[in-house]
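# Coordinates in review
What follows is each chain in one-letter form.
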Protein chains: 2
Amino acid sequence: MKLMVVGGAGYIGSHTVRQLLGAGHEVVVFDNLSSGHAQALPAGVPLVQADLLDPAAVKTALETHQPDAVVHFAALIEVGESMRAPARYYRNNVVGSLNLLQAIVETRKIPLVFSSTAAVYGTTDAVPIPEDAPLHPESVYGETKLMTERMIHAFHVAHGLPYVILRYFNVCGAAPDGTIGEDHPNKTHLIELACLTALGQREKMMIFGDDYPTPDGTCIRDYIHVLDLADAHVLAVEALAGGKQDAGTYNVGLGHGFSVLQVLDAVDEVTGRPLNREIAPRRPGDPPRLVADAHRIVEELGFAPRFTDLKEIVQTAWNWHRTHPHGFEE
Amino acid sequence: MKLMVVGGAGYIGSHTVRQLLGAGHEVVVFDNLSSGHAQALPAGVPLVQADLLDPAAVKTALETHQPDAVVHFAALIEVGESMRAPARYYRNNVVGSLNLLQAIVETRKIPLVFSSTAAVYGTTDAVPIPEDAPLHPESVYGETKLMTERMIHAFHVAHGLPYVILRYFNVCGAAPDGTIGEDHPNKTHLIELACLTALGQREKMMIFGDDYPTPDGTCIRDYIHVLDLADAHVLAVEALAGGKQDAGTYNVGLGHGFSVLQVLDAVDEVTGRPLNREIAPRRPGDPPRLVADAHRIVEELGFAPRFTDLKEIVQTAWNWHRTHPHGFEE
């Protein structure tokens with residue numbers, strides 16, 4: 001199959017490009033490189049450097065490259081920034097996705113796999129969270145993802161567009177060979193922050209709340225390795241192409257979580273450089289536990305994550321950060 | 001005050017323009033006339049014929065006319081069509097509103113009154129429906145309204161944009177003098193359909209379900225007269241301008257409803273031409289009762305609807321349709 005990967009030069013996109021190639025598929029990447037990195041793409045993968053906000057460019061790319069399916073990662077992803085600059089987020093994430101959807105139904109009506117997020121659930125007491133939990137995103141970022149989910153579903157109902165929506169929990173790790181990994185303009189992810197702190201780029205690790213109702217008092221999150229997540233996309237594309245699925249929404253997580261302290265302990269062990277830690281007050285909107293009910297994707301798409309050992313997960317992140325302390329920009 | 005009324009040439013918009021003028025305000029209308037009628041505007045009201053999908057036109061209009069607040073009605077409003085052509089609805093209603101919001105915060109940061117709908121609640125068992133009921137729109141139309149509500153709120157949080165959102169129940173009636181009224185490309189509203197049937201333009205009135213758990217077996221809806229609704233907008237604009245309100249969402253309805261049979265009986269009485277009626281099966285998604293809990297707008301904005309008598313409501317609609325059997329196109 002030939003896949004167009006929109007946002008394919010980003011963190012999850014570039015790992016998915018690799019896994020798609022590894023599974024024998026052909027790939028073309030569409031990315032505006034606003035936060036992605038051309039260096040993250042394997043040699044020989046065509047890159048269309050263009051923007052979803054340019055509807056003509058999207059249509060031309062689909063007509064020129066004639067993909068069999070589209071995998072759509074392109075989005076602005078910073079929760080805090082989304083609250084300060086909502087117009088940018090609604091326009092990039094919602095209008096951009098609308099342009100893509102419209103171009104797809106107007107040209108090839110091929111299946112779509114879309115990157116969504118556990119942020120669509122908002123704060124919830126459900127542990128673990130099933131896909132049919134109430135959807136109450138608490139940030140503009142989460143809202144733009146939910147709006148796009150709803151648009152995709154409406155295009156399915158109106159035009160028969162086949163789709164899979166994947167709702168990611170805490171994505172982490174990197175390709176074990178250390179060649180590609182996480183490199184966002186702003187760092188907000190725990191394992192990445194811890195690795196950069198171990199490298200001396202930051203003074204200490206803040207622990208926001210140690211008085212949660214969890215075994216060690218710190219928050220528990222469901223950490224899913226980026227390569228496992230990438231494989232979920234391969235499974236989704238293949239299920240759509242094989243007609244096994246025509247409209248499905250799946251959580252992607254391990255189905256169990258690790259606490260902040262467990263993660264920091266693992267980073268200490270892997271790096272051999274114990275982190276300075278500081279306990280700070282809880283942050284508003286941080287629920288004690290966010291864990292996926294991941295049964296559906298296991299049962300329906302045969303998802304079988306390989307990275308379930310926390311130290312192994314951290315090791316892959318460390319391989320990347322240790323060898324690329326400043327990311328792709330060396 | 002000077003108000004820019006976006007979509008001011010439409011059914012509700014044009015009645016609101018009248019009430020705003022009557023309350024001593026100045027008005028400029030922004031409308032693309034895709035479904036509005038320039039004839040619905042009083043002489044002397046400036047009309048900017050332009051589209052919300054043209055961001056430069058929106059900004060220019062705000063800069064040229066320097067309004068103190070914006071009242072935003074512009075939208076595609078047909079539920080059935082929205083399911084068949086979602087892209088058109090998302091683009092017109094959501095992207096159009098985003099352009100308007102962005103133009104407002106980039107130019108004058110003036111208050112906004114937005115037309116929303118009871119369709120944001122979807123099917124619900126709550127009778128009456130309070131504003132904090134769960135929001136589960138069941139059509140693309142309802143979704144576009146909810147998305148716009150969320151965007152407006154995000155602009156309030158990020159940029160301090162003051163707003164009032166009004167969620168309409170079943171709008172009906174016309175200016176009692178018979179000079180303006182309802183004239184949509186497709187007719188779907190009960191009282192309008194009944195009047196046109198009484199005029200012989202349709203053969204009969206279908207009653208979809210007479211076995212609902214209501215006193216006479218037919219569905220009950222909350223009918224709010226278009227002039228009362230227009231007054232709600234005047235109250236909202238004045239509350240925002242006076243600093244009495246900076247972010248509020250209100251149902252607009254009478255707080256009690258009439259059944260389909262009650263409405264048809266009233267039309268028979270007013271017109272003196274008994275309608276042919278036919279009982280048909282229930283339509284999917286039609287709940288037995290949809291009635292507003294309208295306490296909030298009564299208490300907070302002093303809303304006091306004058307048209308509470310069903311025959312009087314129907315009489316105003318009949319005055320319009322009888323004298324304009326083909327709407328504005330004579």
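Procedures and definitions
- Residues numbered from 1 in each chain as written.
- Chains lettered and ligands numbered in written order.
- Predicted model: local features only at pLDDT ≥ 70, side-chain atom pairs only at ≥ 80, totals over all residues.
- Heavy atoms only, no water.
- Buried < 20%, exposed > 50% of the residue type's maximum accessible area, 1.4 Å probe, protein only.
- Helix = DSSP H or I, 4+ residues; strand = E, 2+ residues; numbered from the N terminus.
- Pairing = 2+ DSSP bridges.
- Polar contact = N/O pair within 3.5 Å; in protein donor to acceptor, adjacent residues only side chain to side chain.
- Contact = heavy atoms within 4.5 Å.
- Core = buried A, V, L, I, M, F, W, Y, C linked by side-chain atoms within 4.5 Å.
- Buried area = accessible area lost by both parts, 1.4 Å probe.
- Salt bridge = Lys/Arg side-chain N within 4 Å of Asp/Glu carboxyl O.
- Nonpolar A, V, L, I, M, F, W, Y, C, P; charged D, E, K, R; others polar.

Before going further, it helps to examine the pairing of strand S5 (residues 112-117) of chain B. Residue and element names in this part refer to chain B. With six of six residues buried, S5 lies mostly within the body of the structure. Neither face of S5 is left uncovered, since the one carrying Leu112, Phe114 and Ser116 and the one carrying Val113, Ser115 and Thr117 both have all their residues buried. Two strands pair when backbone bridges link them, and strand S4 (residues 69-72) and S5 are joined in this way by three bridges, in the parallel orientation. For histidine 72, the partnering residue across the bridge sits in S5 and is phenylalanine 114. Across six bridges, S5 lies against strand S6 (residues 163-168) in parallel orientation. Counted as the bridge partner of valine 113 is valine 164 from S6.

Moving on, we get to the side chain of Gln19(A). Residue and element names in this part refer to chain A. Inspection of the secondary structure assignment puts glutamine 19 in helix H1 (residues 11-22). Here aspartate 231 takes part through its side chain, which lies 2.9 Å from a polar atom of the side chain of glutamine 19. Residue contacts for glutamine 19: discarding those within four places in its chain leaves Leu227, Ala230, Asp231, Val234 and Arg306.

A few words on the nonpolar core. One finds Phe30(A), Val70(A), Tyr90(A), Phe30(B), Val70(B) and Tyr90(B) to be the most contacted residues of the largest nonpolar core, which totals 72 residues. Look past the residues within four positions of Tyr90(B) in its chain and what remains in contact with it is Leu98(A), Arg150(A), Met151(A), Ala154(A), Phe155(A), Val95(B), Val140(B), Glu143(B), Thr144(B) and Met147(B).

Every contact between the two is made by 19 residues of chain A and, on the other side, 19 residues of chain B. Carbon and sulfur atoms supply 67% of the area buried between chain A and chain B, which totals about 1,800 Å² over both sides. Together, Tyr90(A), Arg91(A) and Met147(A) form the three largest contributors to the area buried by chain A at its contact with chain B, with a combined 25%. At the junction of chain A and chain B, the tally comes to two salt bridges. One salt bridge connects Arg150(B) with Glu143(A), and the closest N-O pair in it is separated by 2.9 Å. Within the residue set of the side of chain A that touches chain B, elements represented by two or more residues are helix H3 (79-84), helix H4 (86-107) and helix H5 (140-159) of chain A. Looking at which element gives the most residues to the side of chain A that touches chain B, the answer is H5(A), with nine residues. Of the residues assigned to the side of chain A that touches chain B, the class counts are twelve nonpolar, three polar and four charged.

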